[in-house]
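Report on the structure
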Amino acid sequence: MGQALCCVQVDQSTVAMKEHFGKFDTVLDPGCHCLPWCFGYRMAGTLSLRVQQLDVRCETKTKDNVFVTVVASIQYRAVAQNASDAFYKLTNTKAQIQSYVFDVIRASVPRLLLDSVFEQKNEIAKAVEEELEKAMSAYGFEIVQTLIVDIEPDVHVKRAMNEINAAARMRVATNEKAEAEKILQIKKAEGEAESKYLSGLGIARQRQAIVDGLRDSVLAFSENVPGTSAKDVMDMVLVTQYFDTMKEIGASSKASAVFIPHGPGAVKDITSQIREGLLQGQSVVDQ
């Protein structure tokens, strides 16, 4: 806006108030206008038609007695058709808007719990916008948008909320870990049981094969060597197995020692013990 002689310039997106001897005369649109000051005409001021934003910080208390700071962003503009009302009726537009925002927020938030404040911030913004639209339209202003951009609890409350959340997540993680360990132990026990079952089947089949082999060896030896009895053949087989066992123990690379009495008499004793064990086992089966 500029002024030279009796001409004034009104910038784009701006209107000017023309007065005649101090009384409002008309609204000047953007462009160049002639105001003969000698006849009592003057420009009282200008009014921007651009959208403006006002950030309002309001501290209030929730229903569960937690103090929070609510930050509301109000986007507003003057209506060109009511520019004179917007210019003359309000001395401080921002202070007026701030008062209405305080009134609505401090009437809405105390009815809500802290968690509900976060969940219903859109409803709070809508309530603020409706109240402002109803109040500011009488002064020539339009509310474009109202946003609740931030809700800030007290720092101690925020820390407590984070600790509660962390504790809840830790409890869930602990339960999940315990459940995983439980499943692992169950699967391990099932695997061990299956392994022992299969191992038992293998040992039973191995022993059955040994018994069958010994029976066949005894029968074949008795048929091929006249004058020998089954007892003689069994003694020879047991001695052979005894020496095979001694050989395996000696060839083992493990650092362990096994003391077995060795000698002709010891072999005879071992043979007698094995034979007696077999006979006792057979007698039990026969009973």
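Whatever comes next refers back to the structure up there.
Residues numbered from 1 in each chain as written. Predicted model: local features only at pLDDT ≥ 70, side-chain atom pairs only at ≥ 80, totals over all residues. Heavy atoms only, no water.

**Quick notes on the packing of aromatic side chains**
Aromatic ring pairs are described here by two measures, namely the spacing of the ring centres and the angle between the planes. Basically, it comes down to this: For Phe, Tyr and Trp, rings pair up if their centres lie within 6.5 Å, where Trp contributes its six-membered ring, and each pair is then called stacked (planes under 30 degrees apart), edge-to-face (over 60) or tilted (otherwise). Secondary structure is summarised from DSSP: a helix means a run of H or I of at least four residues, a strand means a run of E of at least two, and numbering begins at the N terminus for each. Only protein chains enter the area calculation, which uses a 1.4 Å probe; residues under 20% of their type maximum are buried, those over 50% are exposed, and those in between are partly exposed.
Counting across every chain of the model gives 3 aromatic pairs. A ring pair is formed by Phe24 and Tyr88, whose centres lie 5.6 Å apart and whose planes are at 70°; its orientation type is edge-to-face. Here Phe24, found in strand β4 (residues 23-28), pairs with Tyr88, found in helix α1 (residues 83-88); they are 64 residues apart in sequence, far enough to count as distant. Residue classification places Phe24 among the partly exposed positions, given a relative accessible area of 33%. Consider the rings of Phe87 and Tyr88, whose centres lie 4.9 Å apart with planes at 80°: the pair is edge-to-face.

**A word on helix α4 (residues 121-136)**
Inclusion rule: Helix span is expected to be 1.5 Å times the residue number reduced by one. Here the arc refers to the directions that run from the helix axis out to each C-beta atom. It only takes one pair of heavy atoms within 4.5 Å for two residues to be counted as in contact.
The end-to-end C-alpha distance of α4, which contains 16 residues, comes to 22 Å, matching closely the 22 Å that a straight helix rising 1.5 Å per residue would cover. Among the residues of α4, those classed as buried are Ile124, Ala125, Val128, Leu132, Ala135 and Met136. Down the axis of α4, the smallest arc covering the buried residues is 100°, so these residues share one side. With respect to the buried face of α4, the exposed residues turned more than 90 degrees away are Asn122, Lys126 and Lys134. Tucked into the core, α4 has its buried residues touching β8 (67-78), α2 (93-108), α3 (114-119) and β9 (141-153).

**Concerning the sheet that holds strand β6 (residues 41-48)**
To be explicit about the condition: We call two strands paired when DSSP finds no fewer than two bridges between them. Only the stretch in contact is used when a helix axis is fitted, and all axes are lines through C-alpha atoms; the angle between N-to-C directions ranges over 0 to 180 degrees.
On the basis of which strands lie adjacent, the open sheet formed by 3 strands has the order β4-β3-β6 and antiparallel pairing. At either end of the open sheet lies a strand with only one pairing partner, and these are β4 and β6. Neighbour-to-neighbour, the strand axes of this sheet turn through a mean angle of 30°, independent of strand direction. Here strand β3 (residues 14-20) pairs with β4 via 5 bridges, running antiparallel. What sits directly across from Met17, in β4, is Val27.

**Focus on the packing of α2 against α4**
Between two packed helices, both the angle of their axes relative to each other and the distance between the axes serve to describe the pair. For the record, the criterion: For classification purposes, angles smaller than 35 degrees are called roughly parallel, those larger than 145 roughly antiparallel, those between 65 and 115 roughly perpendicular, and all remaining angles oblique. Should the near helix be turned anticlockwise from the far one by less than a right angle, the crossing is left-handed, and should it be turned clockwise, the crossing is right-handed. Think of it as three bins: nonpolar holds Ala, Val, Leu, Ile, Met, Phe, Trp, Tyr, Cys and Pro, charged holds Asp, Glu, Lys and Arg, and polar takes everything else, Gly as well.
Running from amino to carboxyl end, α2 crosses α4 at an angle of 135°, the nearest separation of the two axes being 9 Å. One element, α2, and the other, α4, form an angle in the oblique class. Of the two elements, α2 crosses α4, and the hand of that crossing is right-handed. Residues Thr93, Gln96, Ile97, Tyr100, Val101, Val104 and Ile105 of α2 form the contact with α4, whose own contacting residues are Ala127, Val128, Glu131, Leu132, Ala135 and Met136. Tallied by class, residues from the contact of α2 with α4 come to 10 nonpolar, 2 polar and 1 charged.

**Topic: a nonpolar patch on the surface**
Where we set the bar: Like charges are joined within 9 Å and nonpolar side chains (Val, Leu, Ile, Met, Phe, Trp, Tyr) within 5 Å, but only among residues with over 30% relative accessible area and no salt bridge; these make up the patches. Only the protein chains shown count as cover for residues, and the accessible areas themselves come from Shrake-Rupley with a 1.4 Å probe. Salt bridges, as used here, are contacts in which a Lys or Arg side-chain nitrogen is within 4 Å of a carboxyl oxygen on Asp or Glu.
The grouping of Tyr197, Leu198 and Leu201 at the surface amounts to a nonpolar patch, some 290 Å² of accessible area in total. Counting through the fold element by element, Leu198 comes out in helix α5 (residues 155-224).

Function cannot be read off these values alone, since they describe shape.
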